[in-house]
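Topology and contacts: notes
These are the residues of each chain, in order.
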Amino acid sequence: MRCRTRQEKADEMTAEEIRKELFNTAFRFGRANMGIPLGNIPPGEFMVLQMLHHGSDEAGGISATQLAGKARMSPPALSRALNTLEEKGYVSRFTNPDNRRKTLVCLTDEGEKVRNQAWETAVEYFNRVTSAMGQEKMEQFLALWKELVEIMEKEMIRQKGEI
């Protein structure tokens, strides 16, 4: 067994340094994430359009309740986003043909066009980011990031149970 050098010991981060770095990096990521180029659509609206694009059922839409769950948004926040998107002509609400008491939401042709343009812009951006990072490092990062997020989500659920 080899003894560690003084420099190797100094290079290790303390628990406090790790917490600070995690918090600061998460904050910086949030700011960077909100700056992803999506054309003329805010990130929150884009996320709703993406969920509608991928989440419509055989009736051609999705309920606001299901959409809120998929988008991980509170019902009031989703309602505000849907109102804005409806005003812009990107989504439409209609009565569920299978259950007339329920309303479904779907993308309009204009909404699909805007979503697709934003998606293409984001894809170009992430291609440049992945290229700068390198494929292998990006795959390693994503595996660790997914693991971290899963741990954080479990911890949030655990804390909610204690409150």
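Further up the page is the structure itself.
Before going into details, it helps to say that this report is about the structure given with it. The model shown is predicted, which means the values in this text are computed figures rather than measured ones.

Within the chain, the regular secondary structure consists of seven helices and three strands. Its helices and strands in sequence order give the chain the pattern α-α-α-β-α-α-β-β-α-α, from N to C terminus. Rg of the C-alpha trace for the chain: 21 Å, well past the compact-globule value of 15 Å for 163 residues, more than 25% over. With the principal axes as the frame, the chain shows a C-alpha extent of 70 × 45 × 25 Å.

A few words on the pattern of salt bridges. Applying the stated criterion across every chain yields a total of six salt bridges. A salt bridge links Arg115 to Glu112, with the nearest nitrogen and oxygen atoms 2.8 Å apart. Residue Arg115 and its partner Glu112 are located together in helix H6 (residues 109–133), separated by three residues, close to a single helical turn. Classification of Glu112 as partly exposed rests on a relative accessible area of 25%.

The strand order across the open sheet built from three strands is S1-S3-S2, with neighbouring strands paired in antiparallel fashion. Taken across any chain shown, the strands that pair with only one partner, and hence form the sheet edges, are strand S1 (62–63) and strand S2 (91–95). Two elements, S2 and strand S3 (residues 103–107), share five bridges in a ladder whose sense is antiparallel. In the strand pairing of S3, Arg93 is matched with Val105.

Between the first and last C-alpha of helix H3 (residues 43–55) there are 18 Å, a value that for 13 residues agrees with the 18 Å anticipated at 1.5 Å per step. Regarding H3, the residues found buried are Glu45, Phe46, Val48, Leu49, Gln50, Leu52 and Gly55. Buried-residue contacts for H3 involve S1, helix H4 (64–71), helix H5 (75–87), S2, S3 and H6.

Definitions and cut-offs
- Residues numbered from 1 in each chain as written.
- Predicted model: local features only at pLDDT ≥ 70, side-chain atom pairs only at ≥ 80, totals over all residues.
- Heavy atoms only, no water.
- Helix = DSSP H or I, 4+ residues; strand = E, 2+ residues; numbered from the N terminus.
- Rg over C-alpha atoms; globule rule 2.2 N^0.38 Å.
- Salt bridge = Lys/Arg side-chain N within 4 Å of Asp/Glu carboxyl O.
- Buried < 20%, exposed > 50% of the residue type's maximum accessible area, 1.4 Å probe, protein only.
- Pairing = 2+ DSSP bridges.
- Expected span 1.5 Å × (residues − 1).
- Contact = heavy atoms within 4.5 Å.

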